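Report on the structure
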Amino acid sequence: MAEFNQILEECVSSLESANYDEESIRAFITRVEKVSTTGHENNILNVFESIILRANLSWVLDPKTENQLMILLSKFSPQSSILSFCSTIPKLNIGARFQLVVSLLDKLFHQHCFTNIIVRECKDLSSHDELSNMLVRVVASLPELISNKQQNSLRSHIFHHERFFTFLGFEIVNSVSELSQSVSLGKSIKTEFLSRCIGHFCRIGKADHLFSVVIPSFVAKIETDFVMQRILQKVFNGIPDVFTEGVLTCLFRAWPVRCNLVHMLGDLVLAKPKAKFVILYKLLLVKHYTTYTVPINVIGYISKVDPTHKSIVETLGKVLEVWSSASSIKHTSYEQHRYLTAVILLCVKHVDEISDQKVKDELMLSLMSGMKHHLESPDEKVRLLGMLVGEKLTSALNMESGEAKLEFEFTETEDTNLLLEIFNCPPSLPDQEFYDEQAKLLSDVRETLKSNDGYSSHKSIYTISKSSFVEMAKVKQIPLSAKEDVIEGSSRSTDKENKTLCDSDDSDDDLIPFDLPQETMFTKTPRPMYIRDCLEGLIENEDREKMEIYLHCVDELIHKNVLATKEVAVELCKVMLNLQNGYSIKEFDILRRRAITSAVVCNPKQVATYLTGEFYSEHYNLQQRMDILDILVMSAGRMSGISSDPKKAVNNVLGKKADVAENQKSNMVLDKPWKQIVQERIDKKTRRFGKVKKTTPIPTADEFGPVAGYFFFPLMASYDLKIRTLDLLGTDTIVLGRLLYALGTILYSAANSMVAHKMSSSLLEFIVPLRSHVEPFVRKACVFCISMAVVSSLAITDELCEDILEAREWLCGVINTDDDSQTRLAALDALRTLDVKARKELGTNNIAT
């Protein structure tokens, strides 16, 4: 020890006296290589750090220097080398010295130093935890350390954070393979260091890159290699509690659903309380995801760990309790509620039979309570989730007893079809094709990592001048010839498409098609000729054939004689509104609404007054009241001559181009000659570089503006009235929400009219006590009303300044604090619409927040 210290002091004194010139450094390296460095690594590495900082630039730039230093570093442990380099980097500036250190680190990692570190730490049963923790933190922070000093992004470099942690994933896989071989030979290991590495890497957000290598590498091996299986179970069981949530969340999210996690985790959910809390509570009740990979993996893992299914039954009870809560339905987003529904269906799928009658009674009690709240919800999608869970859970609980089961007829949607697919799909075991896919994924990751890898291709980036950096940052301009080539190529492709379209016509195109008249079915009941005769037939309601014929004729007779219809318009609306579909006639509701809408258009003042008065009458059910709102909205849209889609108005304010629906012209296509149809298709596919002449819109009279008040104000008059069959502020929230949507659409139909300002002001005042409603459906309707008030008013900054500012403040609060995601998105669109219109009126680019 004393002899080595004396040699080291002599070398340091000679380096300082020679001012760290090239000859003295080479002499130091040669002398250190000839002596034993055991126990003196830190002292030598400190000298090495001084050499890097103070050596002459000629020695640093010498190509032989890097090889000499690598030979010297091979005498030291990789742990000490990495710690020394990472302490040196913050002291360096961009240049040759920094380039030398990063290049040495690059070579160290490519020589699999991290694999050697893991294997050494796992085999050394007496290693120090403090030094191991420091090493993990230093390795995890290495990409950030280099990128902060480097001040630019090199995506193809190994120290880019994505590539670096993918590379470390391969190093972990190699180290586990070596440890598996050591255990097979009877040697003892410990896995705390490997557990700490995986946990720390996942905690800093690099789990996706890490597991993109680890999962495909182990998914096939752990099925047959029980030694590796045991090592991995010990690794995940030894992850510290502070890292457990991050590791398990990313693992369950990335694991393929066709394989079970029991081989990787073992009985972790039963042995570790923190893991049980994360898996059964955090992943199922607190968090939610757009896909169902996590619940499928969680429930599948629990079913394998606990063959008695006791844990799944307990999980089903807890999730069903949250799912059935009225507060949960109202204060959680639909996406999270759909996620809970998927968890319940998966639990029911994996539970074959519940023998305990007490547990069955508790589950049925929670289900019935939840069904009541779901069916009372104004949101149709929530009602569908309640019906779906009710059907499947009662079927599972009453399988043995043969008791009655719930059955519903509900509309199939994308969400219900996906949930049913998850419930009905049998579990598929991994086959050779699946393992081939995993091997291909791993091969793709390896090829991506190898492409353009190595530090040598990027050495010049540290020595170029500042002006070169500025030039590289500029966007390259496309030459004009390239643009012309693109235009010529696109025009040639367009001409080719048009030629193909014209050549594809048949040889009989010159023949004019014969227009066949529509055939009329023979019936015993004659068609009515007058509106009064039709009205009497509808009142009599004698037989199905007569009823169907009169329903199809009523709309035609209204348009045939408008003057005669005005006299009986109110009576016709009364009859049609109370008409029941006793004969199960197809399109009954469509024909009935169309007839009442036509009657409203013929005599808007009297019929609208009648309908708005009947809306608060106690002689109607909820469906009839919603029919009244739909009829008023349809009538307002037809009379105003404006598109009845409010989204188009919002898009126009935001400067977006609204898509034209194809079915708008479907009724006109049959009336056009075939040559005109072909020419329109050719013109549609032809690119033109000249300015297209805009057609001047033809002005039309606004028939709705003078009578808009009869549609609007009576609907707001008695909203707080509580009658026997209607309680808008109580249980009938679905009608309240539909009422707000109807008021907003009617206001939009009266846009730019004389009464629009008063209607907008009244609507904004009307929704003030409803903005804090517990139902998300009603709050979203309030947001819709604000949007319609903005797009329908001529000047929101003058006429509605106070109301708009108050509404804007509430919208900001909704965006930040509302529980429902759809309401937040609607509020964001409304706020953007309001700000854009305010900027246009004020002529400024900034709105004070």
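Report follows, based on the coordinates. (Residues numbered from 1 in each chain as written. Predicted model: local features only at pLDDT ≥ 70, side-chain atom pairs only at ≥ 80, totals over all residues. Heavy atoms only, no water.)

**Topic: the overall build of the protein**
To keep things clear, this is the line we draw: Strands here are runs of E lasting at least two residues and helices are runs of H or I lasting at least four, both read from the DSSP assignment and numbered beginning at the N terminus. Exposure categories follow from relative accessible area, calculated using a 1.4 Å probe and restricted to protein chains: below 20% of the type maximum is buried, above 50% is exposed, and the middle band is partly exposed. Any two residues whose heavy atoms approach within 4.5 Å are treated as being in contact.
Tallying secondary structure elements over the protein gives 42 helices and two strands in all. A burial count over the protein gives 47% of its 849 residues as buried. Summarising the internal contacts of the protein: among those between residues at least 6 apart in sequence, 78% fall at separations of at least 24.

**Points about the environment of L538**
As for its placement among the helices and strands, L538 is situated in helix α28 (residues 531-540). Using a relative accessible area of 2% as the deciding quantity, one classes L538 as buried. Placed 37 residues apart in sequence, L538 and V575 show a C-alpha to C-alpha distance of 7.6 Å. Ignoring any residue separated from it by four or fewer positions in sequence, one finds L538 in contact with M547, Y550, L551, V575, M576 and L579.

**A look at the environment of V322**
Examined against the element boundaries, V322 turns out to sit in helix α19 (residues 310-324). Sequence separation of V322 and S366 is 44 residues, and the distance between their C-alpha atoms is 9.3 Å. For V322, the contacting residues outside a window of four places in its chain are L285, S328 and L340.

**Section: the side chain of R592**
Relative to the helices and strands, R592 is located in helix α31 (residues 588-602). The exposure class of R592 is buried, given its relative accessible area of 5%. Among all residues touching R592, those that are not within four sequence positions of it are M576, L577, L579 and D627.

**Topic: the pattern of salt bridges**
Cut-off, in case you're wondering: Salt bridges are defined as contacts in which a side-chain nitrogen from Lys or Arg sits within 4 Å of a carboxyl oxygen from Asp or Glu.
In this structure the tally under the stated criterion is 20 salt bridges. With its nearest N and O atoms 3.9 Å apart, the salt bridge here joins R592 to D589. Residue R592 and its partner D589 are located together in helix α31, separated by three residues, close to a single helical turn. A salt bridge links R738 to D630; the nearest nitrogen and oxygen atoms lie 3.0 Å apart.

**Topic: unusual backbone geometry**
Working note: non-glycine residues mostly have negative phi, and peptide bonds are mostly trans. Phi at H309 is positive, roughly 65°, even though this residue is not glycine. Mapped onto the elements, H309 comes out in the loop between α18 (293-305) and α19. Since its relative accessible area comes to 17%, H309 is described here as buried. You will see that E587, though not glycine, has its phi angle at about 55°, which is positive. Here E587 is to be found in the loop between α30 (562-577) and α31.

**Quick word on the packing of aromatic side chains**
What counts here: Pairing of aromatic rings covers Phe, Tyr and the six-membered ring of Trp, with a centre-to-centre limit of 6.5 Å; geometry is then stacked below 30 degrees between planes, edge-to-face above 60, and tilted otherwise.
Under the counting rule described, the total for this entry stands at 16 aromatic pairs. When the ring of F114 is compared with that of F201, the centres are 6.4 Å apart and the planes differ by 40°; the resulting orientation is tilted. One end of the pair, F114, is in helix α8 (residues 113-123); the other, F201, is in helix α11 (residues 192-203), with 87 residues separating them in the sequence. With a relative accessible area of 0%, F201 lands in the buried category. Seen in terms of ring centroids, Y719 and F766 are 4.7 Å apart; in terms of plane orientation they differ by 75°. Their pairing is edge-to-face. Of the two residues, Y719 is situated in the loop between α37 (708-712) and β1 (722-723) and F766 in helix α39 (residues 756-766); the sequence distance between them amounts to 47 residues. Overall, F766 belongs to the buried group, its relative accessible area being 7%. Three or more aromatic residues joined by ring pairs make a cluster, and in this case those are F109, F114, F159, F164, F165 and F201.

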